[in-house]
Amino acid sequence: MSGGGLLVAGTTSDAGKSVVTAGICRWLVRQGVKVAPFKAQNMSLNSFVTREGAEIGRAQAMQAQACRVEPHALMNPVLLKPGGERSSQVVLLGRAVGELSARGYHGGRQQQLLGTVLDCLAQLRGTYDAVICEGAGSPAEINLRRTDIVNMGIARNAGLPVLVVGDIDRGGVFASFFGTVALLSPEDQELVAGFLVNKFRGDVSLLEPGLDMLHGLTGRHTYGVLPFRHGLGIDEEDGLAVSLRGAVRESAVAAPVGEDVLRVAVCAVPLMSNFTDVDALAAEPGVVVRFVDRPEELADADLVVVPGTRGTVRALQWLRERGLAHALGRRAAEGRPVLGICGGFQILGERIEDDVESRAGRVDGLGILPVRVRFAREKTLARPVGQALGEPVEGYEIHHGVADVRGGEVFISDDRGHSLDGCRVEAAWGTHWHGSLESDGFRRAFLHEVAAAAGRRFVPAPGTSFAALREEQLDRLGDLIEQHADTDALWRLIESGAPQGLPFIPPGAPA
């Protein structure tokens, strides 16, 4: 027997679908329900590697954590990783299968994937009591409905009830709710059960007359009004704005343990990927993280991070055009701390040979680290463990670049001291490992080294647990659903589907 299901759609991108899905998952698992997340198609540069070596969106990995289950490729069968304005790498069931233009993808390839997507969802529903699915963008993208496999396309084929989330903080939420339903076909409208208001500020009693009018206009109930809360945007999708509102960066800033704070500047390179790597730094009391795009913003930074990117050569060119490359070289020459992660590690090296990603051939790097990188056609996907700075460290690898380290000190090693990844030259470090800073002991040891090199009297807090902070955030999401949503009605939707007899709202989808 298949488990229950629900599709969380949104009136717009960034309406809060990812966090609402995670919140429903955490609420359910606390009720003893065996639950899994699902997103048929995700477009994101923030990805994660599962235990079986598959690449999926980080949002689905976060939602799996909310469910207290291991992430799996079934939870995000199609991942699109933009490589420019018009093309993306297509990752199918955790493996890259090629590059496609937007026209090529929506022109036929997307619809071909519907069977795979439905099979993955069916496998999850056969294993779990409930599967909470996340949509993408808006379900009322009338130009894309014919080939849709992530919103109403998946809802119709799998018989899922749909809950539409609207961000009231943007304004116009009533028009967005009504318009979303009114642009759907009669068959699609039958599955739209109702609405969920997100990010409400103020007195709910002032909103209630509008919700009553919305019910009168659409025949659909509002299943909850979630209040605005800082620090809930964990591991969402792309965009610098999302990252700057990330969970730990909006948490109350704790006072530093030592006399000084530590300032971290992250270069906001094009096609920045896995910028969530710096969340763990920002979780430390007294560490201030900001994203920068001008060389003068590096002047007072105690640590500069060059993050991952889906376009290493393009990011390198951008750093040079902006004057940031020169500023990074000067920092390294002065012994001031620099950390490169994945694509950032490759940028800090001597040379890049890329006939795969940019097809630019041989390109000079910044020459800060003695590393030469050659791009391989097969992507490295791994969940390695090792030691660094005397502490255990683990992470995950997602890269085409193969590093040939030709000097420097060992950075990450095995238990016999043999190098596993990266290198160090004075106060410049580089590694391909994403997520390594989430290892608490290693992060504290690294920050101690950074503070010493920067001449700061900063002391890492001894008890910060990044994993515990993440659990607290997920519990806060579960609390929001439990306290501000009609959970009985939500469970009826998940278990029994959309209510019968929901009225059609004209005009409906264009022919």
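Scroll up to find the structure.
If you're wondering where the values come from, they're calculated on a predicted model, not measured in any experiment. (Residues numbered from 1 in each chain as written. Predicted model: local features only at pLDDT ≥ 70, side-chain atom pairs only at ≥ 80, totals over all residues. Heavy atoms only, no water.)

Undergrad: Sorry if this is basic, but what is going on with empty space enclosed by the protein here?
TA: Empty space left among the atoms is revealed by rolling a probe the size of a water molecule over them. Under the definition given, this model contains four cavities of 30 Å³ or more. For the largest cavity, the calculated volume is near 200 Å³. Around the largest cavity sit 19 residues that line it, and Thr309, Arg310, Glu357, Ile398 and His399 are the ones nearest its centre. Only α14 (343-348), β21 (371-382) and β24 (397-405) provide two or more residues apiece to the lining of the largest cavity. With three residues, β24 is the single largest residue contributor to the lining of the largest cavity. Split into classes, the residues belonging to the lining of the largest cavity amount to four nonpolar, eleven polar and four charged. (1 Å grid on protein atoms, 1.4 Å probe; cavity = no way out; pocket = protein on both sides within 12 Å on 5 of 7 lines; lining within 4 Å. Points joined across faces, edges and corners; volume = space filled by probe spheres on them. Helix = DSSP H or I, 4+ residues; strand = E, 2+ residues; numbered from the N terminus. Nonpolar A, V, L, I, M, F, W, Y, C, P; charged D, E, K, R; others polar.)

Undergrad: Any chance you could explain the layout of surface pockets here in plain terms?
TA: Roughly 600 Å³ of internal volume is contained in the second largest pocket. Along the wall of the second largest pocket there are 22 residues; nearest its centre are Phe48, Gln65, Arg383, Glu394 and Glu438. Here the lining of the second largest pocket takes five residues from helix α2 (residues 58-67), the largest share from any one element. Taken together, the residues that form the lining of the second largest pocket break down as nine nonpolar, four polar and nine charged.

Undergrad: Honestly, the pairing of strand β18 (residues 338-341) in this entry has me stumped. Any pointers?
TA: In the case of a regular strand, side chains alternate between the two sheet surfaces. Neither face of β18 is left uncovered, since the one carrying Val338 and Gly340 and the one carrying Leu339 and Ile341 both have all their residues buried. Bridge count between strand β16 (residues 303-306) and β18: three bridges; the pairing is parallel. Across the sheet, the residue bridging to Val306 is Gly340, located in β18. As judged from the four bridges shared by β18 and strand β28 (residues 428-431), these two strands associate in the parallel manner. Across the sheet, Gly340 pairs through a bridge with Gly430, a residue of β28. (Buried < 20%, exposed > 50% of the residue type's maximum accessible area, 1.4 Å probe, protein only. Pairing = 2+ DSSP bridges.)

Undergrad: Is there a simple way to think about the pattern of salt bridges in this case?
TA: When the charged atoms of two side chains with opposite charge come close together, those side chains can pair. Overall, the coordinates contain 33 salt bridges when judged by the stated rule. In this structure, the salt-bridge partner of Arg470 is Asp279, at a minimum N-O distance of 3.1 Å. Linking Arg470 in helix α16 (residues 466-484) with Asp279 in helix α11 (residues 279-282), this pair joins segments that are 191 residues apart in sequence. Notably, a salt bridge pairs Glu296 with Arg294, separated by 3.1 Å at the nearest N-O pair. Under the relative-accessibility criterion, Arg294 is labelled partly exposed at 41%. Among the charged side chains, a salt-bridge network with shared partners connects Arg26, Arg30, Glu471, Asp475, Asp479 and Glu482. (Salt bridge = Lys/Arg side-chain N within 4 Å of Asp/Glu carboxyl O.)

Undergrad: What's the story with the sheet that holds strand β2 (residues 35-38) in this structure? I'm lost.
TA: Reading across from one edge, β2-β9-β1-β10-β11-β12 is the order of the six strands in this open sheet, with parallel pairing throughout. Edge positions in the open sheet fall to β2 and β12 (221-227), since each of these has one partner strand only. Adjacent strand axes in the sheet meet at a mean angle of 20° when their direction is disregarded. Strand direction decides the pairing type here: strand β11 (residues 192-200) and β12, joined by four bridges, are parallel. Within β12, the position partnered with Phe195 by the bridge is Thr222. Contacts from helix α4 (residues 114-127) reach β1 (4-10), β2 and β9 (130-134) within the one sheet, and its direction differs from that of β2 by about 170°. (Axes fitted to C-alpha atoms, helices over the stretch in contact; angles between N-to-C directions. Contact = heavy atoms within 4.5 Å.)

Undergrad: I'm lost on the pairing of strand β13 (residues 262-267) in this one. Help?
TA: Here β13 lies mainly inside the structure; five of its six residues are buried. Bridging between β13 and strand β15 (residues 287-292) involves six bridges; their strand directions are parallel. Within β15, the residue paired with Val266 across the bridge is Phe291. Sheet topology places β13 next to β16; three bridges connect them, and they run parallel. In the strand pairing of β16, Ala265 is matched with Val304.

Undergrad: Would you mind going over the packing of aromatic side chains with me for this structure?
TA: The description of two aromatic rings rests on the distance between their centres and on the angle between their planes. If you walk through the whole model with that rule in mind, you get six aromatic pairs. Here the aromatic rings of Trp429 and Phe446 are separated by 4.9 Å at their centres, their planes lie at 75°, and the arrangement is edge-to-face. With Trp429 in strand β28 and Phe446 in helix α15 (residues 440-454), the pair connects residues that are 17 residues apart, well separated along the chain. Grouping residues by exposure puts Trp429 and Phe446 together as buried. Grouping aromatic residues by their ring pairs yields a cluster made of Phe411, Trp429, Phe442 and Phe446. Geometry around Tyr128 places Lys34 over its ring, the cationic atom sitting 5.3 Å from the centre. It is Arg201 that lies over the ring of Phe228; its NZ or CZ is 3.6 Å from the centre. (Phe/Tyr/Trp six-rings, centres within 6.5 Å; stacked < 30°, edge-to-face > 60°. Lys NZ or Arg CZ within 6 Å of the ring centre and 35° of its normal.)

Undergrad: Would you mind showing me how to read the environment of Gly135 here?
TA: Inspection of the secondary structure puts Gly135 in the loop between β9 and α5 (152-158). On a C-alpha basis, the gap between Gly135 and Ala280 in space is 28 Å, while along the polypeptide they are 145 residues apart.

Undergrad: Explain helix α12 (residues 312-322) here, please?
TA: Every buried residue of α12 is accounted for by Thr312, Val313, Ala315, Leu316, Trp318 and Leu319. Just past α12, the residue Gly323 takes up positive phi, approximately 85°.

Undergrad: Would you mind going over unusual backbone geometry with me for this structure?
TA: Across residues other than glycine, the phi torsion is negative in most instances, and most of the peptide bonds are trans. The omega torsion across Pro506 and Pro507 is 15°, close enough to zero to call that bond cis. Residue Leu271 is not a glycine yet carries a positive backbone phi of 55°. Phi angles above zero are rare outside glycine, and Cys342 is one such case at about 55°. Looking at the secondary structure, you find Cys342 in the loop between β18 and α14. With a relative accessible area of 5%, Cys342 lands in the buried category.

Undergrad: I'm lost on the packing of helix α1 (residues 17-30) against α16 in this one. Help?
TA: In a packed pair of helices, the relevant descriptors are the angle between the two axes and the axis-to-axis distance. At a minimum axis separation of 7 Å, α1 and α16 run at an interaxial angle of 85°. The angle between the axes of α1 and α16 places the two elements in the roughly perpendicular class. Residues Val19, Val20, Ala22, Gly23, Ile24, Arg26, Trp27 and Arg30 of α1 touch α16, and the partners they reach there are Glu471, Leu474, Asp475, Leu477, Gly478, Asp479, Ile481 and Glu482. Its residues assigned to classes, the contact of α1 with α16 comprises eight nonpolar, two polar and six charged. (Parallel < 35°, antiparallel > 145°, perpendicular 65-115°, else oblique.)

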